[in-house]
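Each chain, written out:
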Amino acid sequence: MFIQIVGVGKLKEKYLVQGIAEYSKRLAPYVKFQVIEVPDEKAPENMSDAELLQVQEREGERILSHIKPDAHVVALAIGGKLWSSEELAEHLDKLGTYGTSHVVFVIGGSVGLSPAVMSRAQSKLSFGRMTLPHQLMRLVLVEQIYRAVKINRGEPYHK
Ligand SMILES: C[S@@+](CC[C@H](N)C(=O)[O-])C[C@H]1O[C@@H](n2cnc3c(N)ncnc32)[C@H](O)[C@@H]1O
């Protein structure tokens, strides 16, 4: 399976870069894995709703330009569905079984994902009602993808 994460903005914190590199290395024997970063837009505090939408749309166009037509897209959204790690594993397993070998997880920037990205997504996944910084979200997600892969292989890790 080919798994990609498309995220907005360049990772700045060293501990996040290192954490993602570690899980990417652990994933390498099992799946083809790639993280794509798209440039973020300036998003001042006091934007109007129209300006906010414009930022989402510009970032959204960049995200969508990296998504191939055959890819199954999972958008990360606070209001999405809550899955357990086992349910994420099952979701990936079922996709593979029914012939979908390319899955893209999408994480928004500080203003969230555009309506166009949300409509392209076949699934919306929530990690709970709390807002996580998008850069930290990337690390948490890659760990959960690794956990899901290990669950599907029946290998020890997922305690
Ligand atoms: C800082 S959050 C954006 C907050 C923005 N107000 C919103 O509601 O989308 C940046 C991105 O991180 C992801 N994210 C943050 N917390 C999340 C959570 N609890 N569950 C799923 N995704 C989350 C989403 O993709 C979101 O677009």
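Here goes a summary of the coordinates provided. (Residues numbered from 1 in each chain as written. Predicted model: local features only at pLDDT ≥ 70, side-chain atom pairs only at ≥ 80, totals over all residues.)

## Thoughts on the packing of helix α3 (residues 85-97) against helix α5 (residues 134-153)
Following both chains from N to C, one finds α3 and α5 inclined at 70 degrees, their axes separated by 8 Å at the closest point. Taken together, the axis directions place α3 and α5 in an arrangement best described as roughly perpendicular. Seen from α3, the contacting residues are Ser85, Glu86, Leu88, Ala89, Leu92 and Asp93; seen from α5, they are Gln144, Arg147, Ala148, Ile151 and Asn152. (Axes fitted to C-alpha atoms, helices over the stretch in contact; angles between N-to-C directions. Helix = DSSP H or I, 4+ residues; strand = E, 2+ residues; numbered from the N terminus. Parallel < 35°, antiparallel > 145°, perpendicular 65-115°, else oblique. Contact = placed C-beta atoms within 7 Å.)

## Re the site of the ligand
Neighbouring the ligand are 17 residues, the closest being Leu76, Gly108, Gly112, Phe127 and His134. For the shell around the ligand, the secondary-structure elements that each account for two or more residues are β3 (72-82) and α5. The greatest single-element share of the shell around the ligand, amounting to three residues, is contributed by β3. A class-by-class count of the residues in the shell around the ligand yields ten nonpolar, seven polar and no charged. (Near = placed C-beta within 6 Å. Nonpolar A, V, L, I, M, F, W, Y, C, P; charged D, E, K, R; others polar.)

## Structural notes on the packing of helix α1 (residues 14-27) against α5
Contact pair α1 / α5: the axes reach a minimum separation of 9 Å and the direction vectors enclose 20 degrees. The pairing of α1 with α5 is recorded here as roughly parallel in orientation. You can see that α1 and α5 cross each other, and the crossing is left-handed. Contacts between α1 and α5 involve Leu16, Gly19, Ile20, Tyr23, Ser24, Arg26 and Leu27 from the first element and Gln135, Leu136, Arg138, Leu139, Val142, Glu143, Ile145, Tyr146 and Val149 from the second. Across the contact of α1 with α5, the residue classes tally to ten nonpolar, three polar and three charged. (Left-handed = near helix turned anticlockwise from the far one by under 90°.)

## Regarding the pairing of strand β1 (residues 2-8)
Among the seven residues that make up β1, six are buried, leaving the element largely enclosed by the rest of the structure. Sheet analysis places β1 next to strand β2 (residues 32-38), joined by seven bridges and oriented parallel. Looking at β2, one finds that glutamine 4 is bridged to glutamine 34. Where the polypeptide runs from β1 across α1 and back to β2, its parallel neighbour, the crossover connection is right-handed. Pairing between β1 and strand β4 (residues 102-107): six bridges, direction parallel. Across the sheet, the residue bridging to phenylalanine 2 is histidine 102, located in β4. (Buried ≥ 20, exposed ≤ 12 C-beta atoms within 10 Å, placed from the backbone. Pairing = 2+ DSSP bridges. Right-handed = clockwise from strand over helix to strand, strands pointing away.)

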